[in-house]
Structure formats: structure tokens, C-alpha cells
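# What the coordinates show
Spelled out from the first residue to the last, the chains are:
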Amino acid sequence: KNPWDEQFRQQKRKCIEQADAIICISETTKNELEYYYSKPYPARVIPIGYSPVFEKLDPGQPSADVGIRTSKPFILYVGGRTQYKNFMVVLQAYSRWAHRHEIDLVVVGGPWSPEEKALLTELNISDRVILLTGSNDAELCRLYNQAVAFIYPSLFEGFGIPLLEAMACGCPIVASHIPSTPEVAQDCPWYFEPQAVDDLVEKLDLVLDREKSQSKIARGFEIARCYSWDRTARETLDLYHSLVTA
């Protein structure tokens, strides 16, 4: 609602209306484009990829120091925590989860905001929620490999690269049921309704089922292999060629 927000929207509309082609990173993004601009555009869906750094590591490989101050199992949250990321629901669910005393929550991202610090104190979970800042991809890969599960609670996304990273590392996923996530991760995650705290608590219980987790992990490997930056580059180049030769 700030003045520069409206300026940004106007610039975006101008670019879209003048474009000879529009690359959308998912069918979800393409659908949103057509919904908000009220007419079809020359849009092509070209999925994005993930770094080959993210892979399943050998369990016998020496464990790298990723800066975790706990020896307990942990669930993992990665990325920004602005409003649409729905992070506060994660904290609320974790505070109600019966297994919070034996399984920590590790958060990779920027420093805590004053509001987050206040909520951690209010929910009495400050000693079980561990914040890591400045992690590189190799460290993040190790975290995905070690985590009991990865939580992806967003209210909206255009794609979801962390989903690919987690699947490539063999990490079980608990995700909010929004349009883009089933498009990318299909049936791999345990899904919960985005603002239903109790539903998330229930899915965190389900992810501890080792037998079911193994089948979802195997499915995740299959799905992740379908995505790469090479594919993204190849399909983008094909689009440019089609414009030049049209």
C-alpha cells in the first residue's frame, strides 16, 4: 500500500503488455498472470531448478560443522519469514507439538525480529528453537540430510526451490497446501491447511512414521531429478530462438 508499490505494479503491467513472450516459472504463476490481468498473454511455463550441491550424502561421511548447538534430532525451516511465509504458524504449532521436548526446531535465515523474539518467549520455546544465519549451500545440504523433516508453510509461492533442495537430499517434507507446491512436489509432502495450526501439529506427528517417510523420500528423489538449471536454460534458449525465427 506504499506509493512505490503502486509504481512497481504499473511498471510490471507495462512490461507484461509490451512483451513478445512471458516466461512463467510455474503453471500457478501463469494462472495468476491471466487472472490478475484478465486476458491471456503469450506466456510459456519454464520451471526453474536447484543447485547440484543438494544431494543425498553418504551416512558414513564425516559430519560437517554447521553451527548447531544441539545434539537432538531437529525439524528444519529455511528462508525468509515475511508475512506470506507464514512462519508464525510454525512457531505456534511447534509450541503445541508433544515431541518438542526431544526434537528441536532449526531455522535458517536472517536475525530474529522483535515480534519473533516476543513470540518465542510467550510460547516458552526459546531454548528449543535454534537460529542459524549465513549458512552456505554446503552447510544447508548437510542440514537437509540431517533433519527429521523440512517445513514449508507458505501462504503463497510462485514455485518453491527449497522443495527441490529437500527432496534431492532425501528430507521428508511437511508443506502447506497451496497451488504451487503440489505442482512442484506432487504427492511427496505431508500437506496441511496453511493457517490450521492443529493440522500442522498432526502432520508433524505423521512425518515421524519411518515406513511412510521412506516411500515419500523415494518419490522425492524421482521428482527432483526432473528439474535442473540445464533444463531451465535449454527451454529459455528455445523460447528466444522461437522469437527470432518467428
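What you see is a predicted model, and the numbers here were worked out from it, not measured in a lab. (Residues numbered from 1 in each chain as written. Predicted model: local features only at pLDDT ≥ 70, side-chain atom pairs only at ≥ 80, totals over all residues. Heavy atoms only, no water.)

## Details of the overall build of the chain
Rules: Think of it this way: any DSSP run of H or I at least four residues long counts as a helix, any run of E at least two long counts as a strand, and we number them from the N terminus. Based on C-alpha atoms, the radius of gyration is set beside the globule rule, defined as 2.2 Å times the residue count to the power 0.38. Only protein chains enter the calculation, and the probe is 1.4 Å; a residue is then buried if its accessible area is under 20% of its type maximum, exposed if over 50%, and partly exposed in between. In what follows, a contact means two residues having at least one pair of non-hydrogen atoms within 4.5 Å. Residue burial considers only the protein chains on display, and all accessible areas are found by Shrake-Rupley using a 1.4 Å probe. Only four residue types enter the tally: Lys and Arg on the positive side, Asp and Glu on the negative side; His and the chain ends are excluded. Note that the charge is assigned to NZ on lysines, CZ on arginines, CG on aspartates and CD on glutamates.
Check the secondary structure of the chain and you find 10 helices and eight strands. Relative to the 2.2 N^0.38 estimate, which gives 18 Å for 246 residues, the radius of gyration of the chain is 20 Å and therefore close to what a compact globule would have. Taken over the C-alpha atoms alone, the chain extends approximately 60 × 45 × 30 Å along its principal axes. Counting all 246 residues of the chain, 46% fall into the buried class. In the chain, the share of contacts with a sequence separation of at least 24, taken over all contacts with a separation of at least 6, comes to 67%. Carbon together with sulfur atoms contributes 53% to the accessible area of the chain, which is approximately 13300 Å² in total. Where the 26 positive side-chain charges of the chain centre and where its 33 negative ones centre are 2 Å apart.

## Quick word on the sheet that holds strand 3 (residues 74-78)
Backbone hydrogen bonds hold the strands of a sheet together, and the pairing may be parallel or antiparallel. Which entries qualify depends on this criterion: A pair of strands counts as paired when DSSP detects no fewer than two bridges linking them. Interaxial angles span 0 to 180 degrees and are taken between N-to-C directions of axes, which are lines fitted to C-alpha atoms, for helices over the stretch in contact.
Spatially, the six strands line up as an open sheet ordered 5-4-3-6-7-8, and their pairing is parallel. The outermost strands of the open sheet, each flanked by one partner alone, are strand 5 (129-132) and strand 8 (190-192). Averaged over all pairs of adjacent strands, the angle between strand axes in this sheet comes to 25°, irrespective of strand direction. The strands touched by helix 6 (residues 161-168) are strand 6 (149-152) and strand 7 (173-176); relative to strand 6, the strand with the most contacts, the crossing angle is about 170°.

## With respect to unusual backbone geometry
Backbone geometry places Asn 124, a non-glycine residue, at a positive phi of 60°. Along the chain, the position of Asn 124 falls in the loop between helix 4 (114-122) and strand 5. Despite not being glycine, Gln 186 shows a phi value in the positive range, around 55°. Inspection of the secondary structure puts Gln 186 in the loop between helix 7 (180-185) and strand 8.

## Some details on the packing of aromatic side chains
Filter applied, for reference: When two rings of Phe, Tyr or Trp (its six-membered ring) have centres within 6.5 Å they constitute a pair, described as stacked for plane angles under 30 degrees, edge-to-face for angles over 60, and tilted for the intermediate range. A ring has a charge above it when a Lys NZ or an Arg CZ is no more than 6 Å from the ring centre and no more than 35 degrees off the ring normal.
For the structure shown, the criterion picks out nine aromatic pairs. Both rings, one in Tyr 35 and one in Tyr 36, keep their centres 4.9 Å apart while their planes meet at 85°; by these two values the pair is edge-to-face. Of the two residues, Tyr 35 and Tyr 36, neither departs from the other in class, the shared state being exposed. Residues Phe 159 and Tyr 227 carry aromatic rings whose centres are separated by 5.8 Å and whose planes lie at 75° to one another, so their mutual orientation is edge-to-face. Pair noted here: Phe 159 is in the loop between strand 6 and helix 6 and Tyr 227 is in the loop between helix 9 (210-224) and helix 10 (229-245), with a separation of 68 residues, a long-range link. You'll find Phe 159 and Tyr 227 in the same group, each marked buried. A cation over an aromatic ring shows up here: Arg 81 above the ring of Phe 87, its NZ or CZ 5.6 Å from the ring centre. Its end group placed over the ring of Trp 190, Lys 216 keeps NZ or CZ at 5.0 Å from the ring centre.

## Concerning the state of the cysteines
As a reminder of what qualifies: By definition, disulfides here are pairs of cysteine sulfur atoms that lie within 2.5 Å.
Considering all chains together, one arrives at zero disulfides under this definition. We note that Cys 24 lacks a disulfide partner, and the nearest cysteine sulfur, in Cys 15, lies 14 Å from it. When its relative accessible area of 2% is taken as the criterion, Cys 24 is described as buried. Among the cysteines around Cys 226, which has no disulfide bond, Cys 188 carries the closest sulfur, lying 12 Å off.

## Quick notes on the pattern of salt bridges
Pairs can form between side chains of opposite charge whenever their charged atoms are close. For clarity, the threshold we go by: Note on definitions: salt bridges are taken to be side-chain nitrogens of Lys or Arg within 4 Å of carboxyl oxygens of Asp or Glu.
Here the structure, examined in full by the defined rule, presents 11 salt bridges. Arg 9 is paired through a salt bridge with Glu 6; the nearest N and O atoms lie 3.2 Å apart. Of the two residues, Arg 9 and Glu 6 both sit in helix 1 (residues 3-18), three residues apart, roughly one turn of that helix. Judged by relative accessible area, Glu 6 falls into the partly exposed class, the value being 36%. The salt bridge involving Glu 116 is made with Arg 81; its shortest N-O contact spans 2.7 Å. Taken together, the residues Glu 116 in helix 4 and Arg 81 in the loop between strand 3 and helix 3 (87-96) connect sequence positions 35 residues apart. Salt bridges here are not isolated pairs; linked through shared partners, they connect Asp 187, Arg 219 and Glu 222.

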